[in-house]
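Structural description and commentary
What follows is the residue order along each chain.
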Amino acid sequence: MQTRRDFLSTTGISALSLFWADWLRAEESAPTRISGKAKSVILIFNAGAPSHIDLWDPKPQAPENVRGPFTPIATNVRGIQISELLPRLAQRADKYCIVRTVHHRQTQHNTGMYWSIVGQPYRIDSTLINPSRNDYPSFGTLVGWLAQRDGYSGLLPPYVITPWPHCDSTAYITPGQFGGCLGARYDPLVLGADPNAPHFRLPNISLAKAVTPARLQERHRLLTCLDESTGRRLPFLQSFSANQAKAFAMVTAPEVQRAFDLSLEPPRVRDRYGRHTWGQSHLLARRMIEAGVRFVTTVNGPSITWDTHKDNFNQLKKRLVPPMEQAFAALLDDLSDRGLLESTLVVWMGDFGRTPVINKDAGRDHWPRCYSMILAGGGIRGGMVFGESDGQGAYPRTNPVTPADVHATVFAALGYDAQRITYLSPEGRPFPLSSGAPIRQILS
(Lines give C-alpha, C1' and ligand atoms only; values in the text may rest on other atoms or scores of the structure.)
Protein backbone atom coordinates (compact mmCIF):
# COMPACT_ATOMS: atom_id res chain seq x y z
CA MET A 1 0.00 0.00 0.00
CA GLN A 2 1.35 3.43 -0.94
CA THR A 3 2.10 5.63 2.05
CA ARG A 4 1.69 9.39 2.22
CA ARG A 5 5.48 9.76 1.98
CA ASP A 6 5.59 7.47 -1.08
CA PHE A 7 2.76 9.47 -2.58
CA LEU A 8 4.61 12.76 -2.16
CA SER A 9 7.82 11.24 -3.51
CA THR A 10 6.10 10.18 -6.72
CA THR A 11 5.21 13.80 -7.40
CA GLY A 12 8.85 14.81 -6.98
CA ILE A 13 8.05 17.52 -4.44
CA SER A 14 8.25 16.00 -0.96
CA ALA A 15 11.59 17.64 -0.22
CA LEU A 16 10.30 20.95 -1.47
CA SER A 17 7.15 20.65 0.63
CA LEU A 18 9.21 20.09 3.75
CA PHE A 19 11.52 22.93 2.73
CA TRP A 20 8.68 25.41 2.47
CA ALA A 21 6.87 23.98 5.48
CA ASP A 22 9.75 25.05 7.71
CA TRP A 23 10.59 28.29 5.89
CA LEU A 24 8.40 30.81 7.63
CA ARG A 25 9.53 30.91 11.26
CA ALA A 26 12.63 32.77 12.46
CA GLU A 27 14.00 34.66 15.42
CA GLU A 28 14.66 38.23 14.37
CA SER A 29 15.35 41.69 15.71
CA ALA A 30 13.64 44.89 14.66
CA PRO A 31 14.40 45.77 11.02
CA THR A 32 17.45 48.02 10.65
CA ARG A 33 18.18 49.31 7.15
CA ILE A 34 20.76 51.72 5.87
CA SER A 35 21.42 53.05 2.39
CA GLY A 36 22.57 50.29 0.04
CA LYS A 37 22.91 49.89 -3.72
CA ALA A 38 22.96 46.10 -4.05
CA LYS A 39 19.81 43.99 -4.23
CA SER A 40 21.43 40.59 -4.68
CA VAL A 41 24.76 38.77 -4.40
CA ILE A 42 26.62 36.25 -6.55
CA LEU A 43 29.42 34.46 -4.69
CA ILE A 44 32.02 32.76 -6.89
CA PHE A 45 33.69 30.34 -4.51
CA ASN A 46 36.93 28.69 -5.65
CA ALA A 47 37.09 25.62 -3.42
CA GLY A 48 40.60 24.47 -2.58
CA ALA A 49 42.20 27.94 -2.48
CA PRO A 50 43.74 29.66 -5.53
CA SER A 51 47.24 31.09 -5.24
CA HIS A 52 47.01 34.82 -4.63
CA ILE A 53 50.62 35.41 -5.69
CA ASP A 54 50.06 33.74 -9.06
CA LEU A 55 46.81 35.60 -9.76
CA TRP A 56 45.93 38.86 -7.98
CA ASP A 57 49.01 39.87 -5.98
CA PRO A 58 52.14 39.19 -8.06
CA LYS A 59 55.53 39.76 -6.46
CA PRO A 60 58.02 40.32 -9.30
CA GLN A 61 60.74 41.60 -6.94
CA ALA A 62 60.57 38.58 -4.63
CA PRO A 63 63.09 35.72 -4.80
CA GLU A 64 62.54 33.18 -7.58
CA ASN A 65 61.28 30.55 -5.15
CA VAL A 66 58.47 32.94 -4.20
CA ARG A 67 57.51 34.90 -7.32
CA GLY A 68 57.09 31.85 -9.60
CA PRO A 69 57.22 31.87 -13.42
CA PHE A 70 54.33 34.21 -14.17
CA THR A 71 54.90 37.90 -14.82
CA PRO A 72 52.57 40.78 -13.94
CA ILE A 73 50.69 42.61 -16.70
CA ALA A 74 49.12 46.05 -16.77
CA THR A 75 45.36 46.40 -16.41
CA ASN A 76 43.03 49.04 -17.82
CA VAL A 77 43.48 50.96 -14.56
CA ARG A 78 46.76 52.85 -14.19
CA GLY A 79 48.98 51.43 -11.45
CA ILE A 80 47.17 48.09 -11.03
CA GLN A 81 48.88 44.93 -12.20
CA ILE A 82 47.73 41.32 -12.04
CA SER A 83 49.04 38.02 -13.36
CA GLU A 84 49.63 37.30 -17.03
CA LEU A 85 47.21 34.38 -16.53
CA LEU A 86 44.32 36.89 -16.39
CA PRO A 87 44.37 38.93 -19.64
CA ARG A 88 40.57 39.15 -19.89
CA LEU A 89 40.19 40.32 -16.30
CA ALA A 90 43.08 42.76 -16.73
CA GLN A 91 40.88 44.60 -19.24
CA ARG A 92 38.02 44.76 -16.75
CA ALA A 93 39.88 46.03 -13.67
CA ASP A 94 37.77 49.16 -13.68
CA LYS A 95 34.79 46.97 -12.72
CA TYR A 96 36.22 45.40 -9.55
CA CYS A 97 38.18 45.98 -6.36
CA ILE A 98 41.04 43.70 -5.29
CA VAL A 99 41.35 43.21 -1.53
CA ARG A 100 44.89 41.89 -1.00
CA THR A 101 45.06 41.53 2.78
CA VAL A 102 42.38 39.03 3.76
CA HIS A 103 43.57 36.74 6.53
CA HIS A 104 42.49 34.19 9.14
CA ARG A 105 44.18 31.31 10.98
CA GLN A 106 42.44 28.10 9.97
CA THR A 107 44.55 25.99 7.66
CA GLN A 108 42.27 23.11 6.65
CA HIS A 109 39.87 23.27 3.72
CA ASN A 110 36.54 22.72 5.43
CA THR A 111 37.34 25.05 8.31
CA GLY A 112 38.86 27.55 5.88
CA MET A 113 35.67 27.47 3.83
CA TYR A 114 33.61 27.81 7.01
CA TRP A 115 35.61 30.89 8.07
CA SER A 116 35.20 32.36 4.59
CA ILE A 117 31.43 31.97 4.29
CA VAL A 118 30.43 32.23 7.97
CA GLY A 119 32.87 34.93 9.06
CA GLN A 120 34.22 33.31 12.20
CA PRO A 121 36.36 30.29 13.06
CA TYR A 122 35.04 26.78 13.47
CA ARG A 123 35.61 25.28 16.92
CA ILE A 124 38.38 22.97 15.62
CA ASP A 125 40.70 23.27 12.62
CA SER A 126 39.96 20.14 10.60
CA THR A 127 38.81 18.86 7.24
CA LEU A 128 37.01 15.88 8.78
CA ILE A 129 33.85 17.73 9.74
CA ASN A 130 30.28 17.91 8.46
CA PRO A 131 27.31 20.30 8.83
CA SER A 132 25.13 20.33 11.92
CA ARG A 133 22.35 22.45 13.35
CA ASN A 134 24.89 23.90 15.78
CA ASP A 135 26.70 25.73 12.99
CA TYR A 136 26.54 29.47 12.68
CA PRO A 137 24.85 30.36 9.36
CA SER A 138 26.68 31.52 6.25
CA PHE A 139 26.17 35.00 4.90
CA GLY A 140 24.18 33.44 2.06
CA THR A 141 21.81 31.93 4.61
CA LEU A 142 21.54 35.25 6.42
CA VAL A 143 20.81 37.16 3.22
CA GLY A 144 17.98 34.69 2.57
CA TRP A 145 16.78 35.08 6.15
CA LEU A 146 16.77 38.87 5.80
CA ALA A 147 14.97 38.68 2.46
CA GLN A 148 12.24 36.52 3.97
CA ARG A 149 11.98 38.81 6.97
CA ASP A 150 11.57 41.76 4.62
CA GLY A 151 8.75 40.17 2.65
CA TYR A 152 10.42 38.00 0.01
CA SER A 153 7.64 36.19 -1.85
CA GLY A 154 9.38 34.58 -4.83
CA LEU A 155 8.63 31.00 -5.79
CA LEU A 156 12.34 30.16 -5.73
CA PRO A 157 14.16 30.07 -2.38
CA PRO A 158 16.16 33.29 -1.88
CA TYR A 159 19.45 31.34 -1.53
CA VAL A 160 20.67 28.92 -4.24
CA ILE A 161 23.94 26.98 -4.68
CA THR A 162 25.08 25.76 -8.10
CA PRO A 163 26.11 23.15 -9.04
CA TRP A 164 27.20 21.33 -5.86
CA PRO A 165 27.89 22.37 -2.26
CA HIS A 166 31.27 23.28 -0.80
CA CYS A 167 33.05 20.12 0.30
CA ASP A 168 36.39 18.37 0.79
CA SER A 169 35.41 15.17 -1.05
CA THR A 170 31.80 14.11 -0.88
CA ALA A 171 32.43 12.53 2.53
CA TYR A 172 33.08 15.88 4.24
CA ILE A 173 30.57 18.60 3.38
CA THR A 174 31.57 22.06 4.56
CA PRO A 175 29.62 23.27 7.62
CA GLY A 176 28.00 26.68 7.61
CA GLN A 177 26.64 26.78 4.08
CA PHE A 178 23.23 25.52 5.18
CA GLY A 179 20.71 26.89 7.67
CA GLY A 180 22.75 25.85 10.72
CA CYS A 181 21.26 27.11 13.97
CA LEU A 182 18.47 28.92 12.10
CA GLY A 183 17.07 25.57 11.02
CA ALA A 184 16.35 23.60 7.87
CA ARG A 185 13.89 26.25 6.70
CA TYR A 186 16.92 28.38 5.73
CA ASP A 187 18.90 25.74 3.87
CA PRO A 188 19.73 26.75 0.31
CA LEU A 189 18.37 25.06 -2.76
CA VAL A 190 21.40 23.06 -3.96
CA LEU A 191 21.18 22.05 -7.61
CA GLY A 192 23.02 18.75 -7.35
CA ALA A 193 23.29 18.62 -11.15
CA ASP A 194 25.71 19.81 -13.82
CA PRO A 195 24.23 22.71 -15.82
CA ASN A 196 26.65 21.90 -18.64
CA ALA A 197 25.15 18.44 -19.10
CA PRO A 198 23.49 17.93 -22.53
CA HIS A 199 20.04 17.46 -21.03
CA PHE A 200 20.42 19.45 -17.82
CA ARG A 201 17.33 19.17 -15.66
CA LEU A 202 17.02 20.21 -12.05
CA PRO A 203 16.10 17.29 -9.79
CA ASN A 204 12.83 17.65 -7.81
CA ILE A 205 11.78 20.80 -9.65
CA SER A 206 10.51 19.24 -12.86
CA LEU A 207 7.64 16.80 -13.06
CA ALA A 208 8.35 13.13 -13.66
CA LYS A 209 7.64 12.06 -17.24
CA ALA A 210 4.57 10.05 -16.19
CA VAL A 211 3.06 12.97 -14.26
CA THR A 212 1.18 15.57 -16.29
CA PRO A 213 0.22 18.96 -14.80
CA ALA A 214 -3.42 17.87 -14.75
CA ARG A 215 -2.55 14.67 -12.91
CA LEU A 216 -0.47 16.63 -10.41
CA GLN A 217 -3.38 18.98 -9.76
CA GLU A 218 -5.62 15.99 -9.06
CA ARG A 219 -3.11 14.71 -6.52
CA HIS A 220 -2.88 18.17 -4.99
CA ARG A 221 -6.66 18.35 -4.58
CA LEU A 222 -6.64 14.95 -2.88
CA LEU A 223 -3.87 16.01 -0.51
CA THR A 224 -5.75 19.20 0.26
CA CYS A 225 -8.83 17.20 1.24
CA LEU A 226 -6.75 14.95 3.48
CA ASP A 227 -4.97 17.88 5.08
CA GLU A 228 -8.19 19.82 5.68
CA SER A 229 -9.79 16.96 7.56
CA THR A 230 -6.65 16.34 9.63
CA GLY A 231 -5.79 20.01 10.09
CA ARG A 232 -8.91 20.64 12.10
CA ARG A 233 -7.40 18.38 14.78
CA LEU A 234 -3.74 19.30 14.22
CA PRO A 235 -3.47 23.06 13.67
CA PHE A 236 0.27 22.96 12.86
CA LEU A 237 -0.63 21.13 9.63
CA GLN A 238 -2.33 24.26 8.38
CA SER A 239 1.07 25.91 8.02
CA PHE A 240 2.44 22.76 6.40
CA SER A 241 -0.42 22.70 3.89
CA ALA A 242 0.08 26.34 2.96
CA ASN A 243 3.74 25.71 2.21
CA GLN A 244 2.96 22.45 0.46
CA ALA A 245 0.82 24.50 -1.89
CA LYS A 246 3.82 26.75 -2.54
CA ALA A 247 5.90 23.68 -3.38
CA PHE A 248 3.25 22.56 -5.88
CA ALA A 249 3.28 26.02 -7.40
CA MET A 250 7.06 25.94 -7.66
CA VAL A 251 6.98 22.63 -9.53
CA THR A 252 4.35 23.77 -11.99
CA ALA A 253 5.14 27.48 -12.40
CA PRO A 254 6.37 28.24 -15.93
CA GLU A 255 8.64 31.03 -14.66
CA VAL A 256 10.49 28.59 -12.39
CA GLN A 257 10.98 26.15 -15.22
CA ARG A 258 12.22 28.95 -17.47
CA ALA A 259 14.72 30.18 -14.87
CA PHE A 260 16.56 26.84 -15.01
CA ASP A 261 16.20 26.30 -18.76
CA LEU A 262 19.58 27.23 -20.23
CA SER A 263 18.39 26.19 -23.70
CA LEU A 264 16.55 29.51 -23.79
CA GLU A 265 19.89 31.32 -23.91
CA PRO A 266 21.34 32.10 -27.36
CA PRO A 267 24.24 29.75 -28.21
CA ARG A 268 26.60 32.73 -28.47
CA VAL A 269 25.83 33.68 -24.85
CA ARG A 270 26.46 30.14 -23.63
CA ASP A 271 29.70 30.06 -25.63
CA ARG A 272 30.73 33.38 -24.11
CA TYR A 273 30.52 31.91 -20.60
CA GLY A 274 32.20 28.67 -21.70
CA ARG A 275 30.73 25.26 -22.44
CA HIS A 276 31.97 23.84 -19.16
CA THR A 277 30.47 23.40 -15.71
CA TRP A 278 31.90 26.62 -14.30
CA GLY A 279 30.76 28.71 -17.26
CA GLN A 280 27.22 27.38 -17.31
CA SER A 281 26.96 27.69 -13.52
CA HIS A 282 27.87 31.37 -13.77
CA LEU A 283 25.28 31.82 -16.50
CA LEU A 284 22.69 30.05 -14.36
CA ALA A 285 23.62 32.36 -11.47
CA ARG A 286 22.77 35.35 -13.63
CA ARG A 287 19.42 33.76 -14.52
CA MET A 288 18.69 33.11 -10.84
CA ILE A 289 19.31 36.79 -10.06
CA GLU A 290 16.97 37.77 -12.88
CA ALA A 291 14.37 35.42 -11.38
CA GLY A 292 14.58 37.29 -8.07
CA VAL A 293 16.92 35.06 -6.04
CA ARG A 294 18.87 37.19 -3.54
CA PHE A 295 22.04 35.13 -3.02
CA VAL A 296 23.57 32.64 -5.47
CA THR A 297 26.76 30.71 -4.80
CA THR A 298 28.50 29.15 -7.77
CA VAL A 299 31.16 26.71 -6.55
CA ASN A 300 34.17 26.36 -8.84
CA GLY A 301 34.76 22.73 -7.92
CA PRO A 302 33.78 20.00 -7.47
CA SER A 303 35.48 19.53 -4.11
CA ILE A 304 38.87 21.20 -3.53
CA THR A 305 39.88 21.42 -7.17
CA TRP A 306 42.19 24.43 -6.55
CA ASP A 307 44.35 22.48 -4.06
CA THR A 308 47.64 22.77 -5.96
CA HIS A 309 50.19 21.19 -3.61
CA LYS A 310 51.85 19.73 -6.70
CA ASP A 311 52.50 21.19 -10.15
CA ASN A 312 50.82 24.45 -9.20
CA PHE A 313 51.92 26.42 -12.25
CA ASN A 314 50.91 23.96 -14.95
CA GLN A 315 47.61 23.29 -13.22
CA LEU A 316 46.82 27.00 -13.04
CA LYS A 317 47.83 27.72 -16.62
CA LYS A 318 46.31 24.69 -18.36
CA ARG A 319 43.40 23.48 -16.24
CA LEU A 320 42.13 25.93 -13.63
CA VAL A 321 42.48 29.56 -14.65
CA PRO A 322 41.16 29.45 -18.26
CA PRO A 323 37.59 28.31 -17.41
CA MET A 324 37.49 30.42 -14.26
CA GLU A 325 38.60 33.58 -16.04
CA GLN A 326 36.32 33.04 -19.02
CA ALA A 327 33.28 32.56 -16.80
CA PHE A 328 34.09 35.43 -14.43
CA ALA A 329 34.77 37.92 -17.24
CA ALA A 330 31.61 36.86 -19.09
CA LEU A 331 29.53 37.29 -15.92
CA LEU A 332 30.84 40.82 -15.32
CA ASP A 333 30.18 41.78 -18.95
CA ASP A 334 26.76 40.18 -19.07
CA LEU A 335 25.59 41.79 -15.84
CA SER A 336 26.90 45.14 -17.05
CA ASP A 337 25.28 44.81 -20.49
CA ARG A 338 21.92 43.95 -18.89
CA GLY A 339 22.06 46.81 -16.40
CA LEU A 340 22.34 44.39 -13.49
CA LEU A 341 25.88 45.00 -12.27
CA GLU A 342 24.95 48.11 -10.29
CA SER A 343 22.43 46.11 -8.27
CA THR A 344 24.32 42.80 -8.11
CA LEU A 345 27.35 42.43 -5.85
CA VAL A 346 29.79 39.81 -7.16
CA VAL A 347 32.29 38.31 -4.69
CA TRP A 348 35.20 36.09 -5.81
CA MET A 349 36.91 34.18 -3.00
CA GLY A 350 38.47 30.93 -1.82
CA ASP A 351 39.13 29.22 1.50
CA PHE A 352 42.57 30.88 1.89
CA GLY A 353 45.70 31.59 -0.14
CA ARG A 354 48.78 29.52 -0.86
CA THR A 355 52.29 29.64 0.57
CA PRO A 356 54.67 32.26 -0.78
CA VAL A 357 57.54 29.74 -0.86
CA ILE A 358 57.21 27.11 -3.60
CA ASN A 359 57.56 23.56 -2.27
CA LYS A 360 59.69 20.69 -3.59
CA ASP A 361 56.83 19.45 -5.82
CA ALA A 362 56.54 22.78 -7.69
CA GLY A 363 53.40 23.44 -5.67
CA ARG A 364 52.16 25.83 -3.02
CA ASP A 365 50.62 24.74 0.27
CA HIS A 366 47.82 26.17 2.43
CA TRP A 367 48.28 29.78 3.59
CA PRO A 368 45.52 31.65 5.46
CA ARG A 369 47.77 34.46 6.78
CA CYS A 370 47.32 36.68 3.70
CA TYR A 371 45.40 36.26 0.44
CA SER A 372 43.16 38.11 -2.03
CA MET A 373 39.43 38.49 -2.69
CA ILE A 374 37.63 40.37 -5.45
CA LEU A 375 34.44 42.42 -5.10
CA ALA A 376 32.55 43.99 -8.00
CA GLY A 377 29.24 45.57 -8.78
CA GLY A 378 26.51 46.74 -6.40
CA GLY A 379 27.90 49.39 -4.11
CA ILE A 380 31.61 48.62 -4.70
CA ARG A 381 34.15 51.09 -6.10
CA GLY A 382 35.78 49.55 -9.17
CA GLY A 383 39.33 50.13 -10.33
CA MET A 384 41.03 50.01 -6.96
CA VAL A 385 43.18 47.87 -4.69
CA PHE A 386 42.59 47.80 -0.96
CA GLY A 387 45.40 46.74 1.35
CA GLU A 388 49.02 45.88 0.64
CA SER A 389 50.76 42.63 1.49
CA ASP A 390 54.43 42.42 2.36
CA GLY A 391 57.17 41.80 -0.22
CA GLN A 392 56.47 38.06 -0.38
CA GLY A 393 52.69 38.12 -0.07
CA ALA A 394 52.98 36.41 3.30
CA TYR A 395 51.36 38.91 5.68
CA PRO A 396 49.30 42.11 5.45
CA ARG A 397 51.45 45.24 5.48
CA THR A 398 48.54 47.70 5.56
CA ASN A 399 44.79 47.45 6.14
CA PRO A 400 44.38 43.82 7.27
CA VAL A 401 40.92 42.40 6.55
CA THR A 402 39.10 39.35 7.90
CA PRO A 403 36.32 37.44 6.13
CA ALA A 404 33.98 38.94 8.74
CA ASP A 405 34.90 42.42 7.46
CA VAL A 406 34.09 41.29 3.91
CA HIS A 407 30.70 40.01 5.11
CA ALA A 408 29.96 43.29 6.88
CA THR A 409 30.83 45.07 3.64
CA VAL A 410 28.42 42.86 1.70
CA PHE A 411 25.64 43.53 4.21
CA ALA A 412 26.34 47.27 4.05
CA ALA A 413 26.15 47.19 0.25
CA LEU A 414 22.77 45.47 0.60
CA GLY A 415 21.59 48.15 3.03
CA TYR A 416 21.88 46.27 6.34
CA ASP A 417 23.76 47.33 9.46
CA ALA A 418 25.55 44.08 10.33
CA GLN A 419 26.19 45.11 13.93
CA ARG A 420 22.64 46.15 14.80
CA ILE A 421 20.69 43.26 13.26
CA THR A 422 20.86 40.06 15.28
CA TYR A 423 19.68 36.47 15.16
CA LEU A 424 19.75 33.76 17.82
CA SER A 425 23.12 31.98 17.94
CA PRO A 426 23.47 28.22 18.61
CA GLU A 427 23.83 29.18 22.29
CA GLY A 428 20.51 31.03 22.19
CA ARG A 429 21.89 34.54 22.52
CA PRO A 430 21.51 37.50 20.12
CA PHE A 431 24.36 37.51 17.61
CA PRO A 432 25.08 40.17 14.96
CA LEU A 433 24.96 39.42 11.24
CA SER A 434 28.72 39.93 11.24
CA SER A 435 31.30 40.64 13.92
CA GLY A 436 33.39 42.52 11.35
CA ALA A 437 33.40 46.13 10.21
CA PRO A 438 32.48 47.28 6.68
CA ILE A 439 35.39 48.37 4.48
CA ARG A 440 34.04 51.86 3.95
CA GLN A 441 36.85 52.86 1.58
CA ILE A 442 35.63 50.48 -1.11
CA LEU A 443 31.92 51.30 -0.84
CA SER A 444 30.59 53.81 -3.34
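In this text the structure is predicted, and so the values were computed from the model without any measurement.

1. Describing the overall build of the chain
Each helix and strand in the chain was counted, giving 13 helices and 16 strands. Per element, the accessible surface of the chain, about 17,900 Å² overall, is 52% carbon and sulfur.

2. What to know about the packing of helix α5 (residues 109-118) against helix α13 (residues 403-414)
Two numbers describe how α5 lies on α13: the axes approach to 7 Å, and their chain directions differ by 35°. Contact residues: α5 offers W115, S116, I117 and V118, while α13 offers P403, A404 and H407. When grouped by side-chain class, the residues that make up the contact of α5 with α13 number five nonpolar, two polar and no charged.

3. Re helix α6 (residues 139-149)
With respect to burial, α6 is a largely interior element, eleven of its eleven residues being buried. All of the buried residues along α6 are F139, G140, T141, L142, V143, G144, W145, L146, A147, Q148 and R149. At the C-terminal side of α6, G151 shows a positive phi close to 105°.

4. Re the packing of aromatic side chains
Counted according to the given criterion, the structure contains eleven aromatic pairs. The interplanar angle of 65° and the centroid separation of 5.8 Å between the aromatic rings of F70 and F313 together place this pair among those described as edge-to-face. Taken as a pair, F70 in the loop between α3 (64-67) and β2 (72-74) and F313 in helix α12 (residues 312-337) lie far apart in primary sequence, 243 residues in all. As far as burial versus exposure is concerned, F70 and F313 are alike and both buried. The side chain of R369 reaches across the aromatic face of W367, ending 6.0 Å from its centre.

5. Here's the deal with the nonpolar core
W56, L89, Y96, L156, F260, M288 and F328 are the most contacted members of the largest nonpolar core, which has 59 residues in total. Every residue in contact with F260, bar those within four places of it in the chain, is listed here: L156, L189, L191, F200, L202, L284 and M288. Judged by nonpolar contacts, the second largest core, of 55 residues, contains V99, M373, A408 and Y423.

6. A look at α13
Compared with an ideal rise of 1.5 Å per residue, which puts twelve residues at 16 Å, α13 spans 17 Å between its outermost C-alpha atoms and is within 8% of the ideal. Burial within α13 is extensive, with twelve of its twelve residues counted as buried. Along α13, the residues classified as buried are P403, A404, D405, V406, H407, A408, T409, V410, F411, A412, A413 and L414. Those residues of α13 that are buried lie in contact with β1 (40-46), β4 (96-102), α5, α6, β8 (344-350) and β11 (371-377). Just past α13, the residue G415 takes up positive phi, approximately 95°.

About the criteria used
- Residues numbered from 1 in each chain as written.
- Predicted model: local features only at pLDDT ≥ 70, side-chain atom pairs only at ≥ 80, totals over all residues.
- Heavy atoms only, no water.
- Helix = DSSP H or I, 4+ residues; strand = E, 2+ residues; numbered from the N terminus.
- Areas by Shrake-Rupley, 256 points an atom, 1.4 Å probe, with all protein chains shown as cover.
- Axes fitted to C-alpha atoms, helices over the stretch in contact; angles between N-to-C directions.
- Contact = heavy atoms within 4.5 Å.
- Nonpolar A, V, L, I, M, F, W, Y, C, P; charged D, E, K, R; others polar.
- Buried < 20%, exposed > 50% of the residue type's maximum accessible area, 1.4 Å probe, protein only.
- Phe/Tyr/Trp six-rings, centres within 6.5 Å; stacked < 30°, edge-to-face > 60°.
- Lys NZ or Arg CZ within 6 Å of the ring centre and 35° of its normal.
- Core = buried A, V, L, I, M, F, W, Y, C linked by side-chain atoms within 4.5 Å.
- Expected span 1.5 Å × (residues − 1).

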